[in-house]
Structure formats: structure tokens, C-alpha cells
Amino acid sequence: ITIPQIIEGVVQERPVIIQTPNAIDPTQNYPLVFAFHGRGGSHTNWVNVLNNYTSNGAFIGIYPQGFLDSWNLGPEPSTADDVAFVNLIVEELENYSNLDFDKMYAIGTSNGSGMVNKLGVETAHFKAIAPIVSQLIDSIVFLESTQPISVFQVNGAADETIPIAGGPRFGHVFLDAYESAELWANQFNCSENPEVNMLGQDTLTIFESCDENKEIRYLRIENGGHNLNLNILFPEIWNFFQRF
């Protein structure tokens, strides 16, 4: 489908892919997973990644296309109001049947990861988000209106595009990845003593007992770069989403 949005005074028809089961069960309301590509990427990239889940009816996939192939987090090619864009998508989806708006989730990679962080802070659409290969930036600030949300953040320690230790890049200032997860946990009053699990060389840190029974997870993949294998990661992320 396309969603019209005014950007710099011009109406732009913005594409969104809706990926559904092969056969819709009219007695079922399906969860929704929004997926956001990275800068320079395409919403079509998610079709093959999530096809096994959508085709068997686990959820319906919603894949928006960034304007000028990016998500506006500040100094980006796009000047679109992308929070407003997502609000427009949700409004459009309310015209459809068999959707469960109480089970909406979002995953993003790189620039799309920043977008899901922004949506987690500025909207109440999603029960859980998964920012992949990016972390909070200093321009995304928690608001009084920010609702508790579960977060599964994944970073590669060998990422040469967005440094895991944070710092300036692409016109943004990235937080240290662990401090990003910790900031989410502090915002939602999670336990001050997280559970730390070693998964081979990798480290999974879990902040539990958060407001409204939410949970913050941070997976540090020791030899991971900027292009982590989503086919390996997503089963664990989907298991996480389903708990909220």
C-alpha cells in the first residue's frame, strides 16, 4: 500500500509492505511486527527474513520505506516526520480486520534501530522493540509521556559502522551500548542488579522487575559486525516479543 504524507510541502506517496499469512483465519486476530530497514536500505529486505513467520500465521509483517531510504533522526537525508508516518500507518491498519493492536512490536537495524528507539520513547504503539546494531543517541530523550516498554537491544562488539562504545558518527552522538540498555532499565525502574549470562563468547544482560512487568535485554555479540544474521537472531527476538 502507499500512505500519503506531506514532506516539505509536497504530498509524497510512501510505500508500506503488508506481509500476511497464505490463508487468513477469520477467527484469529494476528499480532503485528513493524520492521525498519537501515539507511540506504529497502523495506523489501524484510520479506525473506520474516516470511516463515508471516506465512504460517505467527504475525503480520508491516515494512515501511524510509523517505530517501532513511529515517529522520536529525541529520539524515530524510526530513520526514517519521513518527507521524508510523501514526498514519497505524490509523490505516485500523481499517483492516483480524489485527491485534494490543500485540504490536517493532524491530529495526542500524538507522532503523534508531527509529524503533525513537518510537519506543515517543509513542505507545509497541509492547516491545528490538533495536539491532544501534543504540540510543543523545538526541533521543525520554519524555514524561514515555510508557514502559520491553527492549531487546543487540550490538556487535566488532561493529566498525556504529561503535559499541559510542561516540560521534553520521552526525549523531551514540551512547555506549551497555549504557543505552542501562538507561532504558533505569527509566523503567528495573532491578539494579542485572542477570548476566555468558553464551559462549557473547554476553546477555537481563534487567528484570521493570515497571509493568517489562524487561530490558542487551545481547553483546563479541565477534559481530554491523551486518548480524537476522535469520539466527529473530527466533529469540520473536520469543521475547511474545511474552509481552
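Everything discussed here concerns the structure shown above.
Fair warning: this is a prediction, and the values are worked out from it, not measured in the lab.

On to the pattern of salt bridges, then. Counted under the stated rule, the structure contains 6 salt bridges. Between Lys-118 and Glu-122 there is a salt bridge, with its nearest N and O atoms 2.9 Å apart. Separated by 4 residues within a single helix, Lys-118 and Glu-122 lie in helix 3 (residues 111-122), roughly one turn from each other. The salt bridge partner of Arg-243 is Glu-215, with a shortest N-O separation of 2.8 Å. Taken together, the residues Arg-243 in the segment after helix 5 (230-241) and Glu-215 in the loop between strand 11 (202-207) and strand 12 (216-221) connect sequence positions 28 residues apart. With a relative accessible area of 46%, Arg-243 lands in the partly exposed category.

Further remarks concern the sheet that holds strand 11. Taken together, the 10 strands give an open sheet; going across it, the order is 1-2-4-3-5-6-7-12-11-10, and neighbouring strands pair in mixed fashion. Of all strands in the sheet, those with a lone pairing partner are strand 1 (2-7) and strand 10 (195-199), marking the two edges. Between one strand and the next, the sheet's axes are offset by a mean angle of 20°, whatever the strand orientation. Relative to strand 4 (residues 60-64), strand 3 (residues 30-36) is paired through 3 bridges, and the arrangement is parallel. In the sheet register, Val-33 faces strand 4, and the bridge partner there is Gly-61. Set on the sheet, helix 4 (residues 177-187) makes contact with strand 6 (128-132), strand 7 (150-156), strand 11 and strand 12; between it and strand 12 the angle comes to about 170°.

Criteria and thresholds
- Residues numbered from 1 in each chain as written.
- Predicted model: local features only at pLDDT ≥ 70, side-chain atom pairs only at ≥ 80, totals over all residues.
- Heavy atoms only, no water.
- Salt bridge = Lys/Arg side-chain N within 4 Å of Asp/Glu carboxyl O.
- Helix = DSSP H or I, 4+ residues; strand = E, 2+ residues; numbered from the N terminus.
- Buried < 20%, exposed > 50% of the residue type's maximum accessible area, 1.4 Å probe, protein only.
- Pairing = 2+ DSSP bridges.
- Axes fitted to C-alpha atoms, helices over the stretch in contact; angles between N-to-C directions.
- Contact = heavy atoms within 4.5 Å.

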